[in-house]
Each structure stands twice: as structure tokens, then as C-alpha cells.
Amino acid sequence: MKDTFYVTTPIYYPSGKFHIGTAYTTVLADSLKKLNQLRGKDAYLLTGTDEHGQKIQQVAQKNGKEPKEYVDEMAQMAKNLWKTMEIEYDDFIQTTQKRHETVVQKVFEKLLAQGDIYKGKYEGMYCVPCETYFTETQLVDGKCPDCGRDVVKMEEEAYFFNMKKYTDRLLAYYDAHPDFIKPEYRKSEMINNFIKPGLEDLCITRTTFDWGIPVLSDPKHVVYVWLDALLNYITALGYLSDDETLFKKYWPANVQIVGKDIARFHLIYWPIFLMALDLPLPKTILVHNWIMMKDGKMSKSKGNVIYPETLIERYGLDAVRYFLLREMPVSQDGIFSPEAFIERYNFDLCNDLSNLVNRTVSMVNKYFDGKVPESSTNSNNVDDTFEKEAQGYIEQFEAKIDNFEIADSLKEIWQLISRTNKYIDETAPWQLAKEEETEKLKDSMYHLIEYIRKIAILITPFMKDTAKNIFKQIGITDEKLQMWDTLKTNIQLKDVQVISQGEPIFMRLKAEDEIEYLKNIMKAN
Ligand code: MSP
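Read on for a plain summary of the structure. This structure is a prediction, so every number in the text was calculated from the model and none was measured. The numbers attached to residues start from 1 for each chain and follow its sequence in the written order. Whole-chain, interface and lining totals are the exception, using all residues; otherwise, since this is a predicted model, local features are given only for residues with pLDDT of at least 70 and side-chain atom pairs are given and counted only at 80 or more. Note that the side-chain values use all heavy atoms of the structure and ignore hydrogens as well as water.

Quick look at the packing of aromatic side chains
Move 1: To pair, rings of Phe, Tyr and Trp, with the six-membered ring standing in for Trp, must have centres within 6.5 Å; the planes then decide the type, stacked if under 30 degrees apart, edge-to-face if over 60, and tilted in the middle. This structure, assessed with the given rule, holds 33 aromatic pairs.
Move 2: When the ring of tyrosine 118 is compared with that of phenylalanine 160, the centres are 5.7 Å apart and the planes differ by 15°; the resulting orientation is stacked. Note that tyrosine 118 is positioned in strand E4 (residues 117–127) and phenylalanine 160 in strand E6 (residues 152–161), a separation of 42 residues in sequence.
Move 3: Any residue under 20% of the maximum accessible area for its type is buried, any over 50% is exposed, and the rest in between are partly exposed; the area is computed with a 1.4 Å probe on protein chains only. On the basis of relative accessibility, which here comes to 34%, the residue tyrosine 118 falls in the partly exposed class.
Move 4: Ring plane angle 35° and centroid distance 6.2 Å describe the contact between tyrosine 174 and phenylalanine 180, whose orientation is recorded as tilted. Residue tyrosine 174 shares its accessibility class with phenylalanine 180, and that shared class is buried.
Move 5: Ring pairing ties together the aromatic residues Tyr6, Tyr44, Tyr233, Tyr250, Trp251 and Trp270, which thus form one cluster.
Move 6: Two thresholds decide whether a charge sits over a ring: the Lys NZ or Arg CZ must be within 6 Å of the ring centre and within 35 degrees of the ring normal. Above the plane of the ring of tyrosine 122 lies arginine 206, whose end atom (NZ or CZ) is 4.4 Å from the centre.
Move 7: A cation over an aromatic ring shows up here: arginine 206 above the ring of tyrosine 224, its NZ or CZ 4.0 Å from the ring centre. Here a strand is any run of E in DSSP of at least two residues, a helix any run of H or I of at least four, and the numbering for each starts at the N terminus.

Now the structure itself:
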């Protein structure tokens, strides 16, 4: 049986159109799924929408819709976007689906029966018009952060989860499993900011609204968002349902991807819920930073929002996927700016990648009528050094991606592309042709095609269409030659014929025009 690889995205709030931040998390998860599939694993990707809670109920009302009608439409919108972005998810969960709701109810009763959940009183600052509780620190000048009106101190009956009881077990788990939290600095953040000061018990039900999953044994309470939402990762696999096949096959997850704002819920509450249910914990929770704008967070009022569809329509999907993954360093926020986007397009995609393929294809046509020479047994310094360095970048890529350093792993691929471009200058094929050094010319063309083939394999998880296009242009139609396990050695290329008329994969853009265009779009959003 194949090794499995289960990867999840957070489930998104369907409260509006998804911007490039939401798209980022999903592209990341999709790329990891595709990478592991290429490496021969049975990979499974879950995404979905988080549909309960008062906010969603209010948004639906504003749109003149019943909540369920509204969330179903939004889930469809999400699916359409993921289709456009070629996200190959295996399941899409909506928390309003029966399969999820019944299991959340079962889990609640189980945890109640075993004493992890108890009934108490919830106290907070309440905004009556917004029907929402806030903590003291969320208030702005002592008033409601949403509408600016006065708030009142209120309390209501609620159920709580006894987090404190699990504190020591959680810390011991962190210690014994160094790969559980990536990047590592998030661990000390959790310990210092939340665990050391003392974990508060978590309020997990509400009685002030009804758009949620009712508690079976006390139906005036609905389960409040986080217990409901986090469980999606296992309810989608059929946990506690009549058919637990998928759950048995894929759980525990290999990697669960979350943004920094929801790190606390996934690094503290989620493992504790799993411990209480006596289930294994995911191998890794990967916390990423945010895509910001030059002037801070994306917001409509600042006129700096950008939607993935806008970019895809004009520049193509792969340029957008590349930019998102490449611009986000592991430990800081990334910045979206029209200038940076166009620069990556023109330099990385057009100058580096597209030109490498284009130049090579036309040389193979010119010197060998399009037939790729087989590798020779001659050995020379230029080729040996090139091979050694090129393989080094591939090894570095593997090391970085295994540590989930996505932007840096893409950087390694682009180092390999630059190194291959440099190899053209080093071997100067036009010179070899002039001097009729046919054997050396053959070696040069063979190496170029062989390493472009490897580059195409490496970019497949991130930019599948571009990879396919490259394989087509260099005549690598045999699927065996597109496989991950052919990266380590050099392959004999027998009967490989490049296409007779190569076409640029990415065309250079007029930078000023495009920057202007994007700025106008952002203002209009
Ligand atoms: N519904 C919860 C998650 C529940 S998971 C059991 C939620 N939803 S969300 O729609 O608000 O956010 C979903 C994800 O999008 C989060 O991981 C969040 O960090 C991410 N992003 C939202 N804006 C973002 C950027 N600007 N940049 C990168 N990611 C961003 O939270």
C-alpha cells in the first residue's frame, strides 16, 4: 500500500469574496498535495467553509437571504474559484452539512460525559445592537469595535472546556515532537504568550444566537465556532460515522496549514481536543504569515484589495501561483505590490525560465534538426561542474520543501534555472557550431534539455500547466521521463524530438502600463 499524505487548509468564513490572502493558503496546500503525489504518495487534500456563527447569520440577512441559502451560494463561489486556480481538492466540507453536525453533537456529549466539558457562566462586554460579546481588550475606547456604541457587562449560562487540565500534557507533547510546529519560533510564542500565563478554559457554547449546532442534551445552547470548526478536519474523513475508512486511512494529517491569526486555535485548542478524544495529533501544523499591502492590511476602505481572478485573467494562473508562493518568506509577512508582481513576471518567468526553454529549443532545431542528442560518455570540467552544482540545487530544494520553506524552495529552482542559463554562456554553442565541435555541441544540447526536463518536473506541483507546456516543447512526452524519481540521475534521452517551432511561455510585459493598470483596479475594488 502507498504511503498516505493528508493535507488541510483552514475552512474559510464565507462572509465575502475571497482575496489573494485566502488564495495563498489554498495554493500552498494544493502544491504540497501535488508534490507528494508526484513523490508517489496517496495524497488527500481537504478544504471547505466555516458556516456557523452570528456574523454569517448577519451577513446573510444583509443580503436578504436565509443563512443556509447564503452559505451554499458562497461555498459554490469558493468551489468556482478553486476550479479556476486548479486546486485539486479531494473533499470540500461545509460545517452546515449533516455529516459534520451529527458528529460534532456526538463529540460534545462524549466530552461532557467524561467531564472535560462543564456548565458555567460566561461574562463579557456585550454590544446589544451587534448582539456580540467582546473582551475588554477588544474594545476601542471602551466602546464596541464594530459599531462604536456603548457596551454593557453581561453574563450568560455557557459550557466550557477544561483546557487547564491538559496544559502539562500539551507542553510535554511539544517537547517530544520537534516537528509538530513549523516554523519553530511559533512554539515559544505559544508557550510565552498563552500557556505560561495560564490557559483559560474555553467557552464553547452560546445562547444569544441560534445559527449553530444545537447541543443535544441542552438545545437552547449552540456549539460556538471553534469546537465546531476544528472538528471539520476529522468529520470530513468520517470520524464517528458509519464509515470510518477514510479516517482510518488518512488520520493523523501530515500537515495542516493555518495563518498566523489562527495559530493559537490550532496549536493549543486543537491538540487538546484531540488528546481529550484520545486521537493522534497531526504530524505538523504549518503556520504562515500574511500577505500585506505596502500600506498595511488589505481593506476596501484603503482601496488596496486585489482578487485572484483579476490577476489570473490578465497574467495567467501560473504567474499568480508562482508569485504567491515565492513572495512569502517563512518568518515574515510578504508584500503584494503591482511593482513586485510585474518584476517577478518579467524577470523570473520571462527572462529566466521562458527564455531558457525558448533559446534551447531553437538551438536544438538549428543544430540537430530538432533531435536531442543522446548523452555522451565524454567527460569534461564544464559539464561535470555544471552537473554537480545543478544537482546541488535539486538537493537543496528537497531539503527546504521538506521543512516547508516554500518560498526558499522555489528560490532553489530558480537558482537551478540561472545556473542552466549560465551553462549556455559557458559552452557557447554558437561557437562550437562554428568550429564544428560536433561532440561538444551534442553534449551541450543534451545537458540543456536534460536539466530543463528536471526543472519542469520540479515546478509541476506549483505550476502544472507551465510544466506541461515545457515538456511539450522539449519533446518529453513519455510520462516516465516526467517522474520525480528521475531527478537524481541523468537519463538517456532516446528519440526525443523538440517541437519545430518553440513558443515563448511568458511574454515580456510593459512594466509601467501594467503597474498603472493594477493600481487602478485596486482603487476600484
Ligand atoms: N474560519 C476560520 C478558520 C477555521 S479553521 C478550523 C477563519 N477563516 S478566515 O476566512 O477568516 O481565514 C482563513 C485563513 O485565511 C486563515 O488561515 C487566515 O490566516 C488566512 N488569511 C486571511 N487573510 C490573509 C492574508 N492577507 N494573507 C494570508 N493569509 C490570510 O479564520
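Right, picking up where we left off after that structure.
Description of the site of the ligand
Move 1: The environment of the ligand is formed by 22 residues, the closest being Ile11, Asp50, Gly259, Asp261 and Ile291.
Move 2: Under this definition, polar contacts are N or O atom pairs within 3.5 Å; protein pairs additionally need one hydrogen-donor-capable and one acceptor-capable atom, and for neighbouring residues in sequence, both atoms have to be side-chain atoms. Aspartate 261 is positioned with one of its side-chain polar atoms (N or O) 2.5 Å from an oxygen atom of the ligand.
Move 3: Between the ligand and the protein, one listed contact pairs a nitrogen atom with a backbone N or O atom of isoleucine 291 at 2.9 Å.
Move 4: Residue exposure ignores everything except the shown protein chains as possible cover, and the areas themselves are Shrake-Rupley values with a 1.4 Å probe. Contact with the protein chains removes 91% of the 670 Å² of surface that the ligand exposes when unbound.
Move 5: Here the ligand is seated within the second largest pocket.
Move 6: Sorting the residues of the shell around the ligand by element identifies helix H7 (225–230), helix H8 (232–235) and strand E12 (255–259) as the ones contributing at least two each.
Move 7: At 3 residues, H7 tops the list of elements feeding residues into the shell around the ligand.
Move 8: Class assignment of the residues belonging to the shell around the ligand gives a composition of 13 nonpolar, 7 polar and 2 charged. We define proximity as follows: a residue is near a molecule or strand when any one of its heavy atoms falls within 4 Å of that partner. The way it works is a 1 Å grid over only the protein atoms, where trapped points that fit a 1.4 Å probe form a cavity and open points with protein on both sides within 12 Å along at least five of seven lines form a pocket, and then any residue with an atom within 4 Å of a point lines it. Molecules are considered to sit inside a cavity or pocket once more than half of their atoms lie within 2 Å of its grid points. Three categories are distinguished: nonpolar for Ala, Val, Leu, Ile, Met, Phe, Trp, Tyr, Cys and Pro, charged for Asp, Glu, Lys and Arg, and polar for the others, with Gly belonging to the last.

With respect to the layout of surface pockets
Move 1: Put simply, the largest pocket is a space of about 1800 Å³.
Move 2: For the largest pocket, the lining is made up of 48 residues, of which Tyr122, Tyr133, Gln138, Arg206 and Tyr224 are closest to its centre.
Move 3: The biggest single contributor to the lining of the largest pocket is helix H2 (residues 54–62), with 6 residues.
Move 4: The residue makeup of the lining of the largest pocket, split by class, is 23 nonpolar, 13 polar and 12 charged.
Move 5: Grid points are joined across faces, edges and corners, and a volume is the space filled by probe spheres set on the points. Counted as a void, the second largest pocket has a volume near 1300 Å³.

Examining helix H14 (residues 381–402)
Move 1: By this rule, a helix spans an expected 1.5 Å times one less than how many residues it contains. Over its 22 residues, H14 extends 32 Å from the first C-alpha to the last, a length consistent with the 32 Å expected when each residue adds 1.5 Å.
Move 2: Among the residues of H14, Asp383, Phe386, Ala390, Gln391, Ile394, Phe397, Glu398, Lys400 and Ile401 are the ones counted as buried.
Move 3: Looking at the buried side of H14, the elements it contacts are helix H1 (20–38), helix H15 (406–427) and helix H17 (438–459). Contacts were defined at the residue level, with two residues in contact if any of their heavy atoms lie within 4.5 Å.

Thoughts on helix H19 (residues 511–524)
The periodicity of an α-helix, 3.6 residues per turn, causes residues three or four positions apart to be oriented the same way.
Move 1: Taking 1.5 Å as the rise per residue, H19 with 14 residues should run 20 Å; its terminal C-alpha atoms sit 20 Å apart, in good agreement.
Move 2: Turning to H19, the residues buried within the fold contact strand E14 (291–293), helix H11 (308–315), strand E15 (334–336) and helix H13 (338–368).

Examining empty space enclosed by the protein
Move 1: For the coordinates displayed, the defined rule picks out 2 cavities of 30 Å³ or more.
Move 2: If you go around the largest cavity, you meet 14 residues; those closest to its centre are Tyr24, His288, Pro329, Val330 and Phe404.
Move 3: Mapped onto the lining of the largest cavity, the elements with two or more residues apiece are H1, strand E13 (284–288) and H15.
Move 4: The dominant element in the lining of the largest cavity, judged by the number of residues it contributes, is E13, at 3 residues.
Move 5: Of the residues assigned to the lining of the largest cavity, the class counts are 11 nonpolar, 2 polar and 1 charged.
Move 6: Each pocket or cavity is described by its volume, and for the second largest cavity that value is around 40 Å³.
Move 7: In terms of lining, the second largest cavity is formed by Lys34, Glu86, Leu317, Asp318, Arg321, Thr460, Pro461, Phe462, Met463 and Lys464.
Move 8: A total of 3 residues in the lining of the second largest cavity trace back to one element, the largest contributor, which is helix H12 (residues 317–326).
Move 9: When its residues are assigned to classes, the lining of the second largest cavity shows 4 nonpolar, 1 polar and 5 charged.

Points about unusual backbone geometry
Move 1: With an omega dihedral of -10°, the bond running from lysine 182 to proline 183 counts as a cis peptide bond.
Move 2: Looking at where proline 183 falls in the secondary structure, it is placed in the loop between strand E7 (181–182) and helix H6 (185–195).
Move 3: A cis amide bond, omega 5°, links tryptophan 251 with the succeeding residue proline 252.
Move 4: Tracing the sequence through the fold places proline 252 in the loop between helix H9 (245–250) and E12.

Quick notes on the sheet that holds strand E8 (residues 202–203)
Move 1: When DSSP finds two or more bridges between two strands, those strands count as paired. With antiparallel pairing, the 4 strands of this open sheet are ordered in space as E5-E4-E6-E8. Where the open sheet ends on each side, the last strands, each with one partner, are strand E5 (132–134) and E8.

Describing the pattern of salt bridges
For side chains of opposite charge, pairing can occur when their charged atoms come near one another.
Move 1: Here, a salt bridge means any Lys or Arg side-chain nitrogen found within 4 Å of an Asp or Glu carboxyl oxygen. Evaluated as defined, the whole model comprises 34 salt bridges.
Move 2: The partner of aspartate 348 in a salt bridge is arginine 326, with the nearest N and O atoms 3.5 Å apart. Taken as a pair, aspartate 348 in helix H13 and arginine 326 in helix H12 lie far apart in primary sequence, 22 residues in all.
Move 3: Exposure remark for aspartate 348: the relative accessible area of 9% places this residue in the buried category.
Move 4: We note a salt bridge from glutamate 450 to lysine 454, for which the minimum N-O separation is 4.0 Å. With a gap of 4 residues between them, glutamate 450 and lysine 454 both fall in helix H17, about one helical turn apart.
Move 5: Under the relative-accessibility criterion, lysine 454 is labelled buried at 0%.
Move 6: Linked by salt bridges that have partners in common, Asp30, Lys34, Glu88, Arg321 and Lys464 make up one network.

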